[in-house]
Amino acid sequence: MKNFLKLIIIFVLSLNLYSSESLEEVSIQLDWKYQFEHAGFIVAKEKGFYKEAGLDVTLLEYSDGVDIQKDVISKKVDFGISNAPLMIKNNILQPVVVLATYLQRSPLVLVTQPEIKKPSELEGKKIMVTEEEYRSSSLSLLLEHFFIKSIHVPHTYGIEAFKNKEIDAMSAFTSNELYELDKQNIPYNVMDPLQYGFVTNAINLFTSLEVAKNKTQMTINLLAATKKGWEYALKNTDEAVKIIHKYNQKKSLSSLRYEAKEIKNLMLLSLYDIGETSKELLIRAYKQLVRSNRAFSHQEDKIKTFGDILKNRVNTNIIFSKKEKAYLEKKGILKLCVDPDWMPFEGIREGQYVGMIADYFELIRKKSGLKIEVYPTKNWDESISAMKSRKCDIIGSATPTTDRLSYMNFTDVYMKFPIVLATKVDKPFIDDMGDIVTKTFGASKGNSIIEILKDKYPKINIVEVENIQDGLRKVERGKIYGYLDNLSVTVTNIQQSFHGVLKVSARLKESDDLTIASRNDEPLLNSIFQKIIYSIDQIKVRKILNNWIAVEESGRVDYTFVGEIILVGLLLLIIISFYSYKLKVQNRKLAQVSREDALTKIGNRLKINEVLAEEYRYTRRYEVPCGIILLDIDNFKEINDKYGHLKGDDILQKFAVILSQNIRATDKLGRWGGEEFLIVCPNTKREDLLKVVEGLRKDIENYDFGDGVSKITASFGISSFDGVKTIDKVVDEADRGLYHAKSSGKNKLGIIE
């Protein structure tokens, strides 16, 4: 009996050993403590998503003294996370690859003691930041921009030192420390690098160039599993919070819930996919480093994203691992589930599998040699059920949803199309689905858009229909307001059966992201098809799209049909023009928002810096005068303390209105920071600049701010471009003049000769 028990123990241990050996060990160095900012990684580990991808992931919590950049490049760890989008050492870009960006707007700010209101007041002060933040972050750029020499204090990862006034400022996440400060009613000021023109992101996952090139498939699997972790965490926030709380019990559940809400906002999910990287933003960040003398120029070619690495792999031979080869040999034929009535994407016609996706799978067969057969189903819903019951191995046109993640793995997107709403022709064009959410809509059974929209609009009423033809007929008969589906599918079916009756009335923000889905109880399938889709020639893919979207009948010419095609083409042209116009308007709005102060609706620091740069170039070239005025509301702290922050905000808004209404049409106004404002006055001589200042000073002094607020005044400093002075020199002169006015009585102009 004892020998039998020993054999059982040895057998179990050998199973565990085999299991651990079958997983590839991977390490990720976090840039902070375990919190919701790392939710995607923690949830992917705890829910087994990494194991499904064949990875045994270790998450390393950050501590002072850890050099993430050095550890990644030296391969001490495989991956690192940084709040800086680029890695710099001695002004040289380091050989790393940016894999994913999870926060598209950085929450990193400086929290200062209440008496410190502007960057210049940080000179010689104690600032608590991490080593990484001190070396390479938007905070270091901000401090260097204002030539601040401060005392670096290692971060304690808490607020006690700030609360006890042992330090003058500390780095903080708006999603984290601000919650604790507000909860304990600790007064503070915030200096956000964004307000000073330093636009950055955060939670950037990166690796060495060597790992990205030599372990590409492992990296692909890691990214896919991490994305799955983020999707689960955002969908199941309470569960994710409890999981993270096990890692970090110093954080309360309420603070983690607050952080989760803020993190979701910072991901900008309406504009970016989870983890999406932008080469354009990386180049912009690099230019900021160059302007700050943190990086040498002409290094753009060293900026690498994972997309750059993958592009170089396209059209290479597929190299399957030994395990993948053994799996495929044992498996033999792969069963493919399809939508039998979803043309032009895919369908069964006269017993044959046809459409864009069918042609794409023909490329897969030729490229990989895989044996793939279509598993017969009557409709899409039946295909989804077949995947759940493991009758199918793969689906060629699936969009990831939370429910599907429980039984399927997904490759990266290989085709992407907009989702549209089809209605009767007498219905108006819709700008926002939220405006008509009380209507009744239709979507094919099993369509991912049902789950996606119900998550976004909990009260929306979506009726499941058999297929697109059934849905469009219900729209025609008035049984539902509109039908939701892919743009290409919808237009094709309207053209064929509902011309002149139905139209496309809205294009949703959501898209139909086509991936190859595989059963998750056989995870090797996912890695196999991930390799395949990156090996497919994109020129051939575009040819497939062109063949089906621009399909024409050969042989007999049907002029009625030709006329319908022309009308549909005109309709599409109108729709495309309409949405192109909307896109341009939206882009203009985004550009305006990024350069507009949220409170006062005038230019922010980024905008006024652009104006200064433009006027600097102009005055140097044409030798014309240009003055600047820097002004600050007197005793604003006392105003806030006496009347409250809401009243303080109201005063700032009114102050901006006073300035806007009393400067000249050619002058440019912006909020410089806090209660400071800067005015650029082109073609203005010194004597005229003095007149502008005096007029503004009197306008402010005589203005009635209401609600019992006593007289408010402002102090001023001026300077001028002369074709020689740099921007920093001109602003510094005005700042010193302002300081002189403040220290000599306020409500006056200070001039530095």
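This report concerns the structure included in the present document. Since the model is a prediction, treat every value here as computed from it, not as a measurement. (Residues numbered from 1 in each chain as written. Predicted model: local features only at pLDDT ≥ 70, side-chain atom pairs only at ≥ 80, totals over all residues. Heavy atoms only, no water.)

1. A look at the sheet that holds strand β29 (residues 714-721)
Here we have five strands laid out as an open sheet, ordered β27-β28-β26-β29-β30, and mixed in their pairing. Sheet topology places β27 (668-673) and β30 (749-750) at the edges, where each strand pairs with a single neighbour. Bridge analysis of strand β26 (residues 626-633) against β29 gives eight bridges, and the strand direction is antiparallel. Residue pairing for β29: Gly-627 is matched across the bridge by Ser-720. Running at roughly 160° to β29, helix α27 (residues 686-701) makes contact with β26, β28 (676-682), β29 and β30 of the sheet. (Pairing = 2+ DSSP bridges. Helix = DSSP H or I, 4+ residues; strand = E, 2+ residues; numbered from the N terminus. Contact = heavy atoms within 4.5 Å. Axes fitted to C-alpha atoms, helices over the stretch in contact; angles between N-to-C directions.)

2. Here's the deal with the state of the cysteines
Covalent bonding between the sulfur atoms of two cysteines is what defines a disulfide. Here the structure, examined in full by the defined rule, presents one disulfide. What pairs with Cys-337 in a disulfide is Cys-392, and their sulfur atoms sit 1.8 Å apart. Disulfide Cys-337-Cys-392: the torsion about the S-S bond is 45°, which places it as right-handed. Residue Cys-337 is located in strand β14 (residues 333-337), and its partner Cys-392 is located in the loop between α17 (380-388) and β19 (394-398); the two are separated by 55 residues in the primary sequence. Assigned by exposure class, Cys-337 and Cys-392 land together as buried. With no disulfide of its own, Cys-626 lies closest to Cys-681 among cysteine sulfurs, the gap being 7.2 Å. Look at Cys-681 and you get buried, because its relative accessible area is 0%. (Disulfide = S-S within 2.5 Å. Buried < 20%, exposed > 50% of the residue type's maximum accessible area, 1.4 Å probe, protein only.)

3. Observations concerning the sheet that holds strand β16 (residues 346-349)
Where strands meet in a sheet, backbone hydrogen bonds hold them as pairs that are either parallel or antiparallel. Ordered by their spatial adjacency, three strands build an open sheet running β15-β16-β17, and the pairing between neighbours is antiparallel. The strands lining the two open edges of the sheet, one partner per strand, are β15 (341-342) and β17 (352-354). Inspection of the sheet shows β16 paired to β17 by three bridges, in the antiparallel sense. In the sheet register, Arg-349 faces β17, and the bridge partner there is Gln-352.

4. Here we look at the pattern of salt bridges
Within this structure, the stated rule accounts for 32 salt bridges. With a shortest N-O distance of 3.6 Å, Asp-426 and Lys-427 are connected by a salt bridge. Salt bridges sharing common partners tie together Lys-331, Arg-390, Asp-393, Arg-519, Asp-521 and Glu-522. (Salt bridge = Lys/Arg side-chain N within 4 Å of Asp/Glu carboxyl O.)

5. Considering the packing of helix α16 (residues 356-368) against helix α21 (residues 524-535)
It is at 10 Å that the axes of α16 and α21 come closest, and there the two elements cross at 100°. It follows that α16 is roughly perpendicular to α21 by the angle criterion. Listed contacts from α21 to Tyr-360, Phe-361, Ile-364, Lys-367 and Ser-368 of α16 are Phe-529, Ile-532, Ile-533 and Ser-535. For the contact of α16 with α21, the per-class residue count stands at six nonpolar, two polar and one charged. (Parallel < 35°, antiparallel > 145°, perpendicular 65-115°, else oblique. Nonpolar A, V, L, I, M, F, W, Y, C, P; charged D, E, K, R; others polar.)

6. Structural notes on the pairing of strand β6 (residues 96-103)
Along β6, eight of the eight residues are buried, which leaves the element largely enclosed by surrounding structure. One ladder, built from six bridges, connects β6 with strand β12 (residues 202-208); its direction is antiparallel. Its bridge partner being in β12, Val-98 is matched across the sheet by Phe-206.

7. A word on unusual backbone geometry
Backbone torsion omega between Met-343 and Pro-344 reads 10°, so that peptide bond is classified as cis. With respect to the secondary-structure elements, Pro-344 resides in the loop between β15 and β16. Located in the positive-phi region is Lys-75, a residue other than glycine, with phi close to 65°. With respect to the element layout, Lys-75 can be found in the loop between α4 (68-73) and β3 (79-82). Lys-75 gets classed as partly exposed once you look at its relative accessible area, which sits at 40%. One non-glycine residue with positive phi stands out, namely Ile-203, at about 50°. Inspection of the secondary structure assignment puts Ile-203 in strand β12. A residue is classified by how much of its surface remains accessible, and Ile-203, at 0% relative accessible area, is buried.

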